[in-house]
Amino acid sequence: MRVKDLASDRSAAGLPDLSLIVLAQDPEAVAANEQLNRVVARQYLVRTLRAVQKLSKEHPQDPAPAAVRDLLDSMDVDAALRWALRPEVTGWTWRSEAATADPARLLRLLADITAYDPAAAAASVRLDGPKTAAGRRSPGAPVPVITGTGPDQGSLLLQWASEGDEKALRLDPAHAHAFASRLQEAADILAAVWPEGLAMAATDIRAFAALGGHRGLQPLNFSVHGLRGLVLTSERPAYMLAQTLVHEATHQRFSGVLDCVSLVRNPKATHYSPFVDAERPLGHILHGILSFINDTYAARRYESTESDPVELARLERYLLRKTGQLRTAEKNLLEVAEPTPAGERLIAGCREAISRLNRE
């Protein structure tokens, strides 16, 4: 791929109608999310290339920038865009843009991420694939489980992911396969009850890492804005992990939107968020609204297949609580937000999805 190849790339068409990417209800929504993902990837690829070019000029003898150029030259545009949105690459890109970035360290990190091969992971999860002529879904591309040990390496990515309060686990191959199997069960549930939701998640998720299960059935999962596509989660029952897949995929999706366009004219404004029972900026409230729309919709789709009365009661309580929180969050957002045109479309999609959840 050459830089000039991007000029004719279809991602230059720009963002889709953002109301479509709120909730996957049909193939149009899935296609809109694919277009959004492509636009975000294009932006990251340009940012990465600029940072690499700067390092190349400042340190012409270092082999790392040339290795990146050679790697990208061997790819077509689609492969280059996929590479640019890998979490270890976006993590490097964010660090390269920091005012305090150390060029020598950036060059060492660049060599590490260029050498890293997710395909060598000890365990992986297949999230989705296109429908076959018979209406079945073929397996999608494998999503690696980052263990930090063995042939998949990933130590750098695990280190970056653990910079917050929760530390990602280093897994031996046996535990990595067990973790991947539980996630695969969750993906299979989504394939059965909400294939469009799984298709959206397959676009947005690029890697998994495990967290300790010390909260039991309570959700313990998160994403990091600068590590695009990486989802960290503890193990829970498969249907709960199915909710986690779409919940965290939506965080990834919305982070991509925020990278591309302003949604409100008053981003520093705050209001009460019922999801965390605290005052939060509007962007955080929108993150919660979008992710819990999808989380709640997945729970509702699964509910019709559950026969265990204990689990049904749990689901009913959950749905009642989350739909109530979504109504409150919507009201609070509308009270203070000053949306841009793009924000108006996204909020319109949120309002329609919340209305649908309360009707069903």
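So, here's what we can say about the structure. (Residues numbered from 1 in each chain as written. Predicted model: local features only at pLDDT ≥ 70, side-chain atom pairs only at ≥ 80, totals over all residues. Heavy atoms only, no water.)

## With respect to the packing of aromatic side chains
In this description, an aromatic ring pair is defined by two values, namely the gap between the centres and the angle between the planes. For clarity, the cut-off: For this analysis, a ring pair means two rings from Phe, Tyr or Trp (six-membered ring only for Trp) whose centres lie within 6.5 Å, classed as stacked if their planes differ by under 30 degrees, edge-to-face if by over 60, and tilted for the remaining angles. Here a helix means four or more residues in a row that DSSP labels H or I, a strand means two or more in a row labelled E, and each is numbered from the N terminus. For a Lys NZ or an Arg CZ to count as sitting over a ring, it must be within 6 Å of the ring centre and within 35 degrees of the ring normal.
Taken as a whole and assessed by the stated rule, the structure comprises 3 aromatic pairs. With a centroid separation of 4.9 Å and an interplanar angle of 15°, the aromatic rings of Phe 275 and Phe 292 are classed as stacked. Remark: Phe 292 occurs in helix α10 (residues 282-303) and Phe 275 occurs in the loop between β6 (270-273) and β7 (278-281); sequence separation between them is 17 residues. When the ring centre of Phe 292 is taken as reference, the NZ or CZ atom of Lys 322 above it lies at 4.1 Å.

## Re unusual backbone geometry
Comment: phi is negative for the bulk of residues other than glycine, and the bulk of peptide bonds are trans. This is how it is decided: Buried means the residue's accessible area, taken with a 1.4 Å probe over protein chains only, is under 20% of the maximum for its type, while exposed means over 50%, and partly exposed covers the values in between.
Positioned with a positive phi, Asp 277 is a non-glycine residue whose angle comes to about 55°. Structurally, Asp 277 can be placed in the loop between β6 and β7. Given a relative accessible area of 59%, Asp 277 falls into the exposed group.

## Re empty space enclosed by the protein
Threshold: A 1.4 Å probe that fits into a set of points on a 1 Å grid over the protein atoms alone but cannot get out defines a cavity; an open set with protein on both sides within 12 Å along at least five of seven lines defines a pocket, and lining residues are those with an atom within 4 Å of a point. Grid points are joined across faces, edges and corners, and a volume is the space filled by probe spheres set on the points. Under the convention adopted here, Pro, Cys and the residues Ala, Val, Leu, Ile, Met, Phe, Trp and Tyr are nonpolar, Asp, Glu, Lys and Arg are charged, and Gly plus all remaining residues are polar.
This model, assessed by the stated rule, comprises 3 cavities of 30 Å³ or more. As a volume, the largest cavity reaches approximately 90 Å³. The wall of the largest cavity is formed by Leu 36, Asn 37, Val 40, Leu 85, Thr 203, Asp 204, Arg 206, Arg 228, Gly 229, Gln 252, Arg 253 and Gly 256. For the lining of the largest cavity, the per-class residue count stands at 3 nonpolar, 5 polar and 4 charged.

## Examining the pattern of salt bridges
Operational definition: Throughout this description, the term salt bridge denotes a Lys or Arg side-chain nitrogen within 4 Å of a carboxyl oxygen of Asp or Glu.
Within this structure, the stated rule accounts for 13 salt bridges. Linking Asp 17 and Arg 345 is a salt bridge whose minimum nitrogen-to-oxygen distance equals 3.1 Å. Highlighted residues: Asp 17 in the segment before α1 (27-58) and Arg 345 in helix α12 (residues 341-359), separated in sequence by 328 residues. Note on Arg 345: relative accessible area 39%, which makes it partly exposed. Glu 311 is the salt-bridge partner of Arg 314, the closest N and O atoms lying 3.1 Å from each other. One end of the pair is Arg 314 and the other is Glu 311, both in helix α11 (residues 309-336) and 3 residues apart, which spans about a single turn.

## A few points about the environment of Trp 83
In this structure, Trp 83 sits in helix α3 (residues 77-84). Residues Trp 83 and Tyr 44, spaced 39 residues apart in sequence, show a C-alpha to C-alpha distance of 9.7 Å.

## Quick notes on the environment of Tyr 297
Here is the rule: For this analysis, residues touch if any pair of their heavy atoms sits within 4.5 Å.
For Tyr 297, the position within the fold is in helix α10. Considered as a pair, Tyr 297 and Leu 319 are 22 residues apart in the sequence and their alpha carbons are 8.8 Å apart. When residues no more than four places from it in sequence are discounted, the contact partners of Tyr 297 are Leu 23, Trp 194, Arg 356, Leu 357 and Glu 360.

## Notes on the packing of helix α9 (residues 238-260) against α10
As a reminder, the rule being used: Every axis corresponds to a line fitted to the C-alpha atoms, with the helix fit spanning only the stretch in contact, and the corresponding angles, defined between N-to-C directions, vary from 0 to 180 degrees. Geometric relationships in this document are graded by angle, where less than 35 degrees denotes roughly parallel, more than 145 denotes roughly antiparallel, 65 to 115 denotes roughly perpendicular, and other angles denote oblique. Crossings are classed by handedness, with left-handed meaning an anticlockwise turn of the near helix from the far one by less than a right angle and right-handed meaning a clockwise turn.
Remark: α9 packs on α10, axes separated minimally by 8 Å, with the N-to-C direction vectors making an angle of 150°. Here α10 runs roughly antiparallel to α9, going by the angle between their axes. Regarding α9 and α10, the two cross each other, and that crossing is right-handed. Contact residues: Tyr 239, Gln 243, Val 246, His 247, Thr 250, His 251, Arg 253, Phe 254, Ser 255 and Leu 258 in α9; Gly 283, Leu 286, His 287, Leu 290, Ser 291, Phe 292, Asn 294, Asp 295, Ala 298, Ala 299 and Tyr 302 in α10. Partitioned by chemical class, the residues of the contact of α9 with α10 number 10 nonpolar, 9 polar and 2 charged.

## Remarks on α9
Selection rule: Between the first and last residue of a helix there are one fewer steps than residues, each counted as 1.5 Å, and that sum is the expected span.
For α9, which comprises 23 residues, the first-to-last C-alpha distance of 33 Å matches the rise-based estimate of 33 Å (1.5 Å per residue) to within 8%. Within α9, 21 of the 23 residues are buried, which leaves the element mostly enclosed by the surrounding structure.

## Description of the nonpolar core
Going by this rule: Definition of nonpolar core: a set of buried residues of the types Ala, Val, Leu, Ile, Met, Phe, Trp, Tyr and Cys, connected through side-chain atoms within 4.5 Å.
Counting 111 residues, the largest nonpolar core has Trp 92, Phe 208, Ile 289 and Ile 293 as its most contacted members. What Trp 92 contacts, discounting residues up to four positions off in sequence, is Thr 48, Ala 51, Val 52, Leu 55, Leu 106, Leu 109, Leu 110, Ile 113 and Trp 160.

## Some words on the side chain of Ser 56
What counts is decided by this rule: Between N or O atoms, a polar contact is any pair within 3.5 Å; within protein, one atom must be a potential hydrogen donor and the other a potential acceptor, and residues adjacent in sequence are included only when both atoms are from side chains.
Take Ser 56: it is sitting in helix α1. For Ser 56, a relative accessible area of 17% puts it in the buried group. In terms of polar contacts, Ser 56 uses its side chain to reach the side chain of Arg 69, at 3.2 Å.

## A word on the packing of α1 against helix α4 (residues 87-96)
Where α1 contacts α4, the axes come no closer than 10 Å and their chain directions differ by 55°. Viewed along their axes, α1 and α4 adopt a mutual orientation that is oblique. As for the relative orientation of α1 and α4, their crossing is left-handed in sense. Across from Tyr 44, Arg 47, Thr 48, Ala 51, Val 52 and Leu 55 in α1, the residues of α4 making contact are Val 89, Thr 90, Trp 92, Thr 93, Trp 94 and Ser 96. Classifying every residue of the contact of α1 with α4 by side-chain character gives 7 nonpolar, 4 polar and 1 charged.

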